[in-house]
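Below, each chain spelled out in residue letters.
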Amino acid sequence: MFRLQELGVDTIDILSFSHPHADHIGGLASVMRNFTVLEVLDPGMPFSSWLYEDFLTSVMYYGCDYGFLETGMQFQLSPDVTVNVVSVGTGEINLDLNENSAILRITCGNFSTLLTGDMEEDSERTLTPIAQPVTVLKVPHHGSLTSVFPPYLRKLSPQIAVFSAGRNNSFGHPHPRVIEIYRELGSEILRTDTQGTIVVQTDGEVFSILTLMQTFNPGITIED
């Protein structure tokens, strides 16, 4: 929340999330209470927790539009920015939330980013036939060894691999071998556990990445 305020954000057009585990929705109720949120898109997975209930209560209280993500859905954040829902959970009762994380691909001109939640190898295998190269990849499942399917990663071939993980987390994320695999792909590595908040900016032709500690390679030209 504080990082959004530092960036001067006061209105959020669409608030969405990959799946309702605590480490993916823990701050959403606070976001609802401190920003103007115009629409919430929920992956619609059957799950019960006080955090999820608190978030849904805040959605009802503030009365913003509310809907569900669906595979194949496409919507515009602006005339130049498109979001495609690559995949989302099936809604089954015994759903594996990690494996059914909502996967979002965001494009702006020649720039693209893929948000992967906590999907693991089975999902990567399923999505390999439709995978496309991506500029910036939010590495699946915090860099866990359970989320490394080489054919999928080779098709994505990300210029930048962003590992989202808490500092000194008890799971040991990201795994050193996973970092090595992305380096072997030629990806530049960024990590929230060592570099803090990561902000990507682009005009569709070039992009820059800001971290809490430093500016990382500003003005990188996007490879076609």
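Rules behind the numbers
Residues numbered from 1 in each chain as written. Predicted model: local features only at pLDDT ≥ 70, side-chain atom pairs only at ≥ 80, totals over all residues. Heavy atoms only, no water. pLDDT = per-residue confidence, 0-100. Helix = DSSP H or I, 4+ residues; strand = E, 2+ residues; numbered from the N terminus. Salt bridge = Lys/Arg side-chain N within 4 Å of Asp/Glu carboxyl O. Buried < 20%, exposed > 50% of the residue type's maximum accessible area, 1.4 Å probe, protein only. Core = buried A, V, L, I, M, F, W, Y, C linked by side-chain atoms within 4.5 Å. Contact = heavy atoms within 4.5 Å. Pairing = 2+ DSSP bridges. Axes fitted to C-alpha atoms, helices over the stretch in contact; angles between N-to-C directions.

A few points about the confidence of the model for the protein chain
Argument step 1. Across the protein chain, the average pLDDT comes to 90, with 92% of residues at or above 70.
Argument step 2. Confidence scores differ between elements of the protein chain, with strand 15 (residues 215-221) showing the lowest mean pLDDT of 55 and strand 9 (residues 111-115) the highest of 98.

Here's the deal with the pattern of salt bridges
Argument step 1. The full count for this structure, using the stated rule, is five salt bridges.
Argument step 2. Note that Arg 33 is salt-bridged to Asp 54, the shortest N-O span being 2.6 Å. Remark: Asp 54 occurs in helix 4 (residues 50-62) and Arg 33 occurs in helix 3 (residues 28-34); sequence separation between them is 21 residues.
Argument step 3. Take Asp 54: its relative accessible area is 23%, and that puts it in the partly exposed class.
Argument step 4. Two residues, Glu 184 and Arg 177, come together in a salt bridge whose shortest N-O distance is 3.3 Å.

Comments concerning the nonpolar core
Argument step 1. Counting 20 residues, the largest nonpolar core has Leu 114, Tyr 152, Leu 156, Phe 163 and Tyr 182 as its most contacted members.
Argument step 2. Secondary structure elements with two or more residues in this core: helix 6 (150-156), strand 11 (160-163) and helix 7 (176-184).
Argument step 3. Setting aside its immediate chain neighbours within four residues, Tyr 182 contacts Leu 137, Val 139, Pro 140, Leu 153, Pro 158, Ala 161, Phe 163, Ser 187 and Ile 189.
Argument step 4. Judged by nonpolar contacts, the second largest core, of 15 residues, contains Phe 17, Val 40, Leu 51 and Tyr 52.

Re the sheet that holds strand 4 (residues 39-42)
Argument step 1. Strand order in this open sheet of three strands is 2-4-5, and the pairing throughout is parallel. On the outer flanks of this sheet lie strand 2 (15-16) and strand 5 (65-68), each paired with one strand and no other.
Argument step 2. Where strand 4 lies against strand 5, four bridges are found, and the strand directions are parallel. When the sheet's bridge partners are listed, Glu 39 is paired in strand 5 with Asp 65.
Argument step 3. Most of the contacts of helix 4 go to strand 4, to which it runs at about 145 degrees, and overall it touches strand 2, strand 4 and strand 5.

Points about the sheet that holds strand 9
Argument step 1. The seven strands are arranged 6-7-8-9-10-11-12 in an open sheet whose pairing can be described as mixed. Edge strands, defined here as strands with exactly one partner in the open sheet, are strand 6 (74-78) and strand 12 (188-191). With strand direction ignored, the average angle separating the axes of adjacent strands in the sheet is 20 degrees.
Argument step 2. The pairing of strand 8 (residues 103-108) with strand 9 spans five bridges and is antiparallel. Following the sheet pairing, Arg 105 is matched in strand 9 by Leu 114.

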